[in-house]
Amino acid sequence: MTETDRGATTTGPGELVDRPLVIWYFGAALAYLLISMTGGLLMALQLVRWNGFDGIEWLSPGRWRMVHTNAVAYGFLANSFLGALHWVVPRLALRPVLSPRLSRLIFWAWQAIVLATAVGILLGQAQGLEWGETPVWVDPAALLGLLLVAVNFLAPIVQTRGPMYVTLWYFMAAFIWTFLTYAMGNFIPEYFVSGTSAGAVGGLFIHDLVGLFVTPIGWGLMYYFVPILLHKPIWSHGLSLVGFWGLAFFYPLTGIHHFLYTPIPMFLQYGAIVSTIAVEMVVTTVIVNFFGTLRGSGRMLATNLPLRWFYTGMVFYALTCLQCAMQTTLTFQALIHFTDWVVGHAHLVMYGVFGLWMQGVMTYLFPRLLHTEWYSPRLCAWHYWLSAVGLFVMASDLILLGVFQGYSWAALQPWDASIEISIPFWVVRVFAGLAMYAGLLVFLYNIYQTWQVSRRQVPAAA
Ligand code: HEM
């Protein structure tokens, strides 16, 4: 039996990649994305004064909001990353993960942790720590899970011989940083420090989650998939090293830029601003490198859908970094702090960049995992357009609204006035969110039909 006619539900002896496991991870990721978007829509409806669960405490908007953000980070992104890592790491290291059994155990344990987090939050047991709302009794299990993930993937990576491709540099760092970041953010403010010190650690934690977990895995995947799709090497290996080491040196210090103008000592705030400016320069080198790689092959964006997902994410990445450059100045920060500008920024980076990349990875990998072409390439295109345009409308809407809100507060208008300004923008967000939701439903339907086709093909091939 060849690799192409083997059923998707089996892994052949000696096969590097555990394909069914990758499918499970992607399935779980998409299920959590659906849950998260449902939570986002409920929150968005509440903000336009329609709360379908009024009076039901465990379905109150504040709790849905936390389910929304946690399901996206730990359910959607973590699961889709783990699925992609199970595909990429064995192929680059030319060795399977340390233990395929451990991989499957981690899969189930991780789903239990994310579900326990969602249920704990709905039952009112959230920890008072942004992005660390995971109930205290779940934290040690999550940390152990991250340790096992690191050991399982690092084992094949450290055995590779010869120069190591930049993707593996990013992954190695991410495994270690994610473990340390989670430990720092969830245990230090809870048990060891309080007040502004806890606030400072919280600031580091929320930004390091993005910069030291999501960013290195996301870019690591781009360094792997983009050259494969373009059939050429990355434009500059030198620049890719600048990007990696720049991230390693400057990113860990930036987090306190979330808490400018707070009682956190000013020298820490200035330090965060300076390192943010350094990160801006570093990310510019990465973006230049990827667009340099695309040079001469731009037409492929019209015909190759995964590539289009990737480069759309990179354009949004450049936009979020431009926003960061403005946000990190004290003058601009004074205008947009606490406004919807920040919520727009969060969606642009989390969904516009990493969400798009992971859906691009899935668009590329599902046919390879299921050993059949997409049931409907046209639905694939619909998925892309609904998601990308929906996100673009949502982010622009909120970013613009943030500026209006900021000027309204700066002019000392009554609070109600800023709410009145906001309502039309929040209505637009509901519709933009519905477009993204529809995009996801289209994708799920297409995957289901493709899976049905693959199931019919396997007995025929046998
Ligand atoms: C159906 C689509 C979505 C809708 C309607 C939606 C709506 C919302 C709403 C209403 C909030 C709370 C804003 C506030 O407190 O003022 C929020 C927060 C957030 N959402 Fe979404 N969302 C959607 C999809 C997503 C996706 C796909 C992601 C990431 C992949 C995401 C990431 C976030 C983040 C990170 C926050 C926290 C923002 C902050 O604290 O500044 N959302 N969303």
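Residues numbered from 1 in each chain as written. Predicted model: local features only at pLDDT ≥ 70, side-chain atom pairs only at ≥ 80, totals over all residues.

Visitor: Hey, could you run me through the overall build of the protein chain in this one?
Guide: When helices and strands are tallied, the protein chain shows 14 helices and zero strands. In the protein chain, the succession of α and β elements from N to C terminus is α-α-α-α-α-α-α-α-α-α-α-α-α-α. Since a compact globule built from 462 residues should have a radius of gyration of about 23 Å, the 22 Å found for the protein chain is in line with a globular shape. With the C-alpha coordinates of the protein chain rotated into their principal frame, the extents come out at 70 × 50 × 45 Å. When the 462 residues of the protein chain are sorted by exposure, 45% land in the buried category. At a minimum sequence separation of 6, the contacts of the protein chain that also span at least 24 residues come to 81%. (Helix = DSSP H or I, 4+ residues; strand = E, 2+ residues; numbered from the N terminus. Rg over C-alpha atoms; globule rule 2.2 N^0.38 Å. Buried ≥ 20, exposed ≤ 12 C-beta atoms within 10 Å, placed from the backbone. Contact = placed C-beta atoms within 7 Å.)

Visitor: Please clarify how the domain arrangement of the protein chain should be interpreted in this entry.
Guide: Accessible area lost upon the coming together of the parts is a frequently used measure of interface size. You can read the domains of the protein chain as domain 1 (14-161), domain 2 (163-258) and domain 3 (298-462). Each of domain 2 and domain 3 was reduced to a C-alpha centroid, and the two centroids are 22 Å apart. Contact residues are listed per partner, giving ten residues for domain 2 and twelve residues for domain 3. (Domains from an automatic or database assignment.)

Visitor: Just to check I follow, could you spell out the packing of helix H2 (residues 61-93) against helix H3 (residues 100-122) for this structure?
Guide: Between H2 and H3, whose axes approach to 9 Å, the crossing angle comes to 170 degrees. The pairing of H2 with H3 is recorded here as roughly antiparallel in orientation. Judged by residue contacts, Arg63, Met66, Val67, Asn70, Ala71, Tyr74, Gly75, Ala78 and His86 of H2 engage Ser103, Trp110, Val114, Thr117, Ala118, Ile121 and Leu122 from H3. Here the contact of H2 with H3 is built from residues that sort into ten nonpolar, five polar and one charged. (Axes fitted to C-alpha atoms, helices over the stretch in contact; angles between N-to-C directions. Parallel < 35°, antiparallel > 145°, perpendicular 65-115°, else oblique. Nonpolar A, V, L, I, M, F, W, Y, C, P; charged D, E, K, R; others polar.)

Visitor: What's the story with the environment of Ala71 in this structure? I'm lost.
Guide: As for its placement among the helices and strands, Ala71 is situated in helix H2. Remark: the alpha-carbon pair of Ala71 and Leu268, spanning 197 residues in sequence, is separated by 31 Å. Setting aside residues up to four positions removed in sequence, Ala71 forms contacts with Tyr32, Ile35, Ser36, Gly39, Phe76 and Ala118.

Visitor: Can you help me understand the confidence of the model for the protein chain in this one?
Guide: Detailed conclusions should not be drawn from predicted coordinates in areas where pLDDT is low. Put simply, the protein chain has an average pLDDT of 93, and 96% of its residues get 70 or more. In the model, residues 1-10 has pLDDT below 50 throughout and makes 14 contacts with residues more than four positions away in sequence or in other chains. (pLDDT = per-residue confidence, 0-100.)

Visitor: Help me understand the packing of helix H10 (residues 305-327) against helix H12 (residues 340-370) in this model?
Guide: Packed helix pairs are characterised by how far apart their axes lie and by the angle those axes make with each other. Packing of H10 against H12 brings their axes to within 8 Å, and their N-to-C directions diverge by 165 degrees. Overall, the two elements H10 and H12 adopt an arrangement that is roughly antiparallel. Crossing hand, H10 versus H12: left-handed. Contacts between H10 and H12 pair Leu305, Pro306, Trp309, Phe310, Thr312, Gly313, Phe316, Tyr317, Leu319, Thr320 and Gln323 from the former with His345, Leu348, Val349, Gly352, Val353, Leu356, Trp357, Gln359, Gly360, Thr363 and Tyr364 from the latter. Class assignment for the residues of the contact of H10 with H12 results in 13 nonpolar, nine polar and no charged. (Left-handed = near helix turned anticlockwise from the far one by under 90°.)

Visitor: Please explain the site of the ligand as it appears in this structure.
Guide: Taken together, 20 residues surround the ligand, and among them Gly40, Met43, Ala346, Met350 and Gly433 come closest. Broken down by secondary-structure element, the contributors of at least two residues to the shell around the ligand are helix H1 (19-47), H2, H12 and helix H14 (415-461). If you tally residues by element for the shell around the ligand, the top one is H12, at seven residues. Within the shell around the ligand, the residues separate by chemical class into 13 nonpolar, six polar and one charged. Both domain 1 (14-161) and domain 3 (298-462) contribute no fewer than three residues apiece to the shell around the ligand. (Near = placed C-beta within 6 Å.)

Visitor: Please clarify how the environment of Leu98 should be interpreted in this entry.
Guide: The residue Leu98 is located in the loop between H2 and H3 in this model. Here Leu98 falls in the partly exposed class, since 16 other C-beta atoms lie within 10 Å of it. Sequence separation between Leu98 and Leu154 is 56 residues; the distance between their C-alpha atoms is 8.1 Å.

Visitor: Where do I start with H2 in this structure?
Guide: The periodicity of an α-helix, 3.6 residues per turn, causes residues three or four places apart in sequence to face the same way. The terminal C-alpha atoms of H2, which comprises 33 residues, lie 45 Å apart, in line with the 48 Å expected from a rise of 1.5 Å per residue. Its axis deflected by about 40 degrees at Ala71, H2 carries its strongest bend there. Phi for Leu94, located one or two positions after H2, is positive at around 60 degrees. (Expected span 1.5 Å × (residues − 1). Bend = angle between axes of the 7 residues up to and from the residue.)

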